[in-house]
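A look at the structure
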Amino acid sequence: MEYTVETFQDHLAEKLKKDRGRTLQEANEKDLYYAVAAIAQERLNEKWVNTREKYKQNEERQVYYISMEFLIGRLMENNLMNCGLLDICNKTLISLGKDPEKVYSQEHDAGLGNGGLGRLAACFLDSIASLRYAGHGSGIRYRYGLFEQRIIHGNQVELPDYWLKEDYPWETRRPEESLTVHFGGEVHMHHRADNVLEFSYEDTDEVRAVPYDVPVSGYHNDVVNTLRLWSAELPEQESDILAESESKYYHHLDHMHSIEQISGFLYPDDSQYEGKELRIKQQYFLVSATIQNIIREFKEKNGRDLHKLHEKAVIQINDTHPSLAVPELMRILMDNEKFSWEDAWEVTTKTIAYTNHTTLSEALEKWPVEMIKNLLPRIYMIIYEINERFCRGIWFDHPELRDKIPEVAVIADDQIHMARLAIVGSFSVNGVAQLHTEILKKKEMKPFYDLFPSKFNNKTNGITHRRWLLQVNPALSQTITEAIGPQWIRQPAKLIGLMRYSNDRPFLDDIASVKHQNKLALAELIKSRTGITINEHSIFDVQIKRLHEYKRQLLNIFHVIYLYNELKDNPSLDLTPRTFIFAAKAAPSYHMAKEVIKLIHHVASVVNHDKEINDKLKVIFLENYNVSLAEKIIPAAELSEQISTASKEASGTGNMKMMMNGAMTVGTLDGANIEIKDLVGDDNIFIFGLNSEQVLDYYANGGYNAKDIYHTDERVRRIMDQLQVGAFGSQEIEFKDIFYHMLYHNDPYFVLKDFDPYIETHELVERSYRNQEYWQKMSVANIAYSGKFSSDRTIHEYASDIWKIKPVK
Ligand code: 26V
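Rules of the game
Residues numbered from 1 in each chain as written. Predicted model: local features only at pLDDT ≥ 70, side-chain atom pairs only at ≥ 80, totals over all residues. Heavy atoms only, no water. Helix = DSSP H or I, 4+ residues; strand = E, 2+ residues; numbered from the N terminus. Rg over C-alpha atoms; globule rule 2.2 N^0.38 Å. Buried < 20%, exposed > 50% of the residue type's maximum accessible area, 1.4 Å probe, protein only. Contact = heavy atoms within 4.5 Å. Areas by Shrake-Rupley, 256 points an atom, 1.4 Å probe, with all protein chains shown as cover. Lys, Arg positive; Asp, Glu negative; His and termini not counted. Charge placed at Lys NZ, Arg CZ, Asp CG, Glu CD. Near = heavy atom within 4 Å. Polar contact = N/O pair within 3.5 Å; in protein donor to acceptor, adjacent residues only side chain to side chain. Nonpolar A, V, L, I, M, F, W, Y, C, P; charged D, E, K, R; others polar. Pairing = 2+ DSSP bridges. Patch = residues over 30% accessible without salt bridge, like charges linked within 9 Å, V, L, I, M, F, W, Y side chains within 5 Å. Salt bridge = Lys/Arg side-chain N within 4 Å of Asp/Glu carboxyl O. Right-handed = clockwise from strand over helix to strand, strands pointing away. Disulfide = S-S within 2.5 Å.

Now for the overall build of the chain. On a plain count of helices and strands, the chain comes out with 34 helices and 25 strands. A globule of 809 residues ought to have a C-alpha radius of gyration of about 28 Å, and the chain, at 27 Å, matches this closely. Judged by the C-alpha coordinates and their principal axes, the chain covers about 95 × 70 × 60 Å. Looking at the chain as a whole, 60% of its 809 residues are labelled buried. Partitioning the intrachain contacts of the chain with sequence separation of at least 6 by distance along the chain shows that 77% fall at a separation of at least 24. Working note: accessible area of the chain is about 32300 Å², and carbon and sulfur atoms make up 49% of it. Between the centroid of the 94 positive side chains of the chain and the centroid of its 119 negative side chains there is a distance of 3 Å.

Further remarks concern the site of the ligand. Taken together, the neighbourhood of the ligand is formed by 18 residues, with H357, N461, E649, S651 and G652 sitting nearest. Contact between the ligand and N461: an oxygen atom at 2.8 Å from a side-chain N or O atom of the residue. Between the ligand and E649, the relevant distance is 2.6 Å, taken from an oxygen atom to a side-chain nitrogen or oxygen of the residue. When the free accessible area of the ligand is taken as 600 Å², the share hidden by the protein chains comes to 91%. A per-class count over the shell around the ligand returns 6 nonpolar, 7 polar and 5 charged.

Moving on to the sheet that holds strand 16 (residues 411-412). Strand order in the open sheet formed by 3 strands is 15-17-16, with antiparallel pairing between adjacent strands. At either end of the open sheet lies a strand with only one pairing partner, and these are strand 15 (366-368) and strand 16. Of the pairings in the sheet, the one linking strand 16 to strand 17 (residues 415-417) comprises 2 bridges and is antiparallel in character. Paired with A412 across the bridge in strand 17 is Q415.

A surface patch of like charges, here negative, comprises E186, E202, D203 and D205. On the secondary structure map, E202 appears in strand 10 (residues 197-202).

The subject of this paragraph is the pairing of strand 22 (residues 617-621). Counting buried residues along strand 22, 5 of its 5 residues qualify, which places the element largely inside the surrounding structure. Alternating positions in strand 22 separate into two faces, L617, V619 and F621 on one and K618 and I620 on the other, with burial throughout. Alignment of strand 21 (residues 578-583) against strand 22, held across 5 bridges, turns out to be parallel. Among the inter-strand pairings, F582 is bridged to a residue of strand 22, identified as F621. Each parallel crossover has a hand, and for strand 21 linked through helix 24 (residues 591-609) to strand 22 it is right-handed.

Before going further, it helps to examine the state of the cysteines. Scanning all chains against the criterion turns up 0 disulfides. The thiol of C89 is not disulfide-bonded; the next cysteine sulfur, from C83, is found 10 Å away. Cysteine C123 is unpaired, with the sulfur of C83 as its nearest cysteine sulfur at 19 Å. Overall, C123 belongs to the buried group, its relative accessible area being 1%.

Turning next to the pairing of strand 14 (residues 352-355). Every second residue of strand 14 is oriented toward a common face, with I352 and Y354 on one face and A353 and T355 on the other, all of them buried. Sheet topology places strand 13 (residues 313-318) next to strand 14; 4 bridges connect them, and they run parallel. When the bridges of strand 14 are listed, I317 appears paired with Y354. In terms of strand pairing, strand 14 meets strand 18 (residues 428-431) through 3 bridges, oriented parallel. Bridged to T355 within strand 18 is N430.

The following block contains the structure:
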């Protein structure tokens, strides 16, 4: 049915009356939000049923993307856009005197992820559905998402994100499809008549896994896939227990509480990985429920024999977090389905594929043997056996690698190494950008690459251009479409057609005016959130991402301090005004990261209030960075700061989002920045600093001394001393930790080393910006070449190289 404003309004009125007991006239923004969501959900449900039916008949392999994180943000505009209702809904709301934006922002931003890894999972689901692949997400329905950030006197404080406080209209609880996950207990071994060993378990703690399904709609097609989020609950038979004494009653409540904790909250990504028992419970809970579910779906369609599971299902695990999928699938095949070890191993290692997202050693997951033994005794036995067979295999079949066994053993120093388990138990191991995959092969995972070269492959990350361009930047999208037609929406590689317009004055003017409009909108948001007025003609210099030392927000703020010092020395300095925009959450226990947030705030308060600076510099920190905030900042960005210490950022995806919106990258040769540079060419990007080889060489052989730079570079010494004496704080001690860390831990992320080239690059940026025509051409080149970074390209690669699937007709 095609809507008109009138019929859409009628439908809204009907929904409002039925679901909310309100008339159109009475309805507030919340009422309208729920009514619009109901209309969209109705459309989606119809397609959802059909898609499921289609998949039941279809022979194609189903993809299951298991991830501890899905950072989906808001879904309303995305869902409306995908079912072709966005325009008519906007028009109708406006005709009712309502601001659509205000209605849609009633939705709580679903923050079920930390950052890049979780957002990638969300972009992938969008591309899978839009490209008509049969693929589904499986995750946890955390009651609390990533904490909400508030800044008080420059200090980050964390508030719980109770995102389910109000009804979430997109989810459907499906209690009839609940499954049981077992923890603890005792394992018993029996010899069968034919002398085969069998295992059974007793006295396990049972947890009920209840699925909540969220529809994942494809763009203007009939596909609606499923994101299934599992919630941990008390088993049904236990939930109506009659406690015969007070103490039993409290014990019961306690028990229920501890079970519900499993899907209680999302762990924030920390500077140092810590093996917390609740976290491994979450991981096993997710993996066990998902694999039982996969097997149930397989049997419904293909009968009881699971020997061909890998022909009908493929499991992609998002980092090592779901790597217990390997022993869990082994357990089910052997203990429930009576497979031999060899058969179970064959099916498992043909079904599971693993994506690595980091080479930071401090982030690698390792679990104490004792913990796993107690919590998951049968799983531990299987991991033990996997390790035995793997090490034996090396000893006998690869004598040249015998001395490498301690480096590759799945169990070593009383710990289970999850990345090793994931590599051994899967048929594909991929990195997320070319450089990252090379580092995995040549360094981090070299012995494994020597053993299994054909498992390793690269899949450079991508982002959904439908959300990150079409949805968040309608004005730019329209300008693009007017120039090259709408084909780019389905085939983002077509954006390259914009190169034909890089000398077209009217087109360049349009690009510039769209950017200016977006800057004005962001300036307004900044004004309303911070009270600070920014100059809309200044360069919008943006660094938005989690706060980590390796991402080097510190280098950026050093640049700000440097410019401030320059202006103080010479107030009439001819400097193009700049607005530095930061947004970042620090993990609650990451001291250094919190210090940097504090420093940014203190520098901001000095710079922003200094009359002498005459509005040439402004420093803005927007609190509570999340998907919705990113959607507002990215269209207005002119400079995209991607300045990680080379070799440390596996890929980065914010770099792609800003490039696609016409921002220029200031970046190191790290992660996907390298691939951006290879496409746009050296003239359309600002590259600086040490490369990964130099960094890795310093780490291996030494030769860098931070103190030398402190003593020889006056600019650096001045800044460092300002930190020391509290020039940006009320008390003297304020930033001593940063000062000592840099000088006495030898600046592990090479901030001081890269300072000079960074400043120099920014001087080049400034000169380039002064030539607006040149700048606009660069901007066009960045948009034009960004098609490669659509997650559609990434998903096509996963589909053809790893999953071996084709779109469903
Ligand atoms: C670590 C931890 C450890 C403590 C518990 C919770 C937790 C959650 C996440 C993580 C970090 C996982 C690694 C990660 O997020 N990597 C990022 O992945 C992006 C997508 O591939 C990539 O663009 C970024 O460069 C990479 O840092």
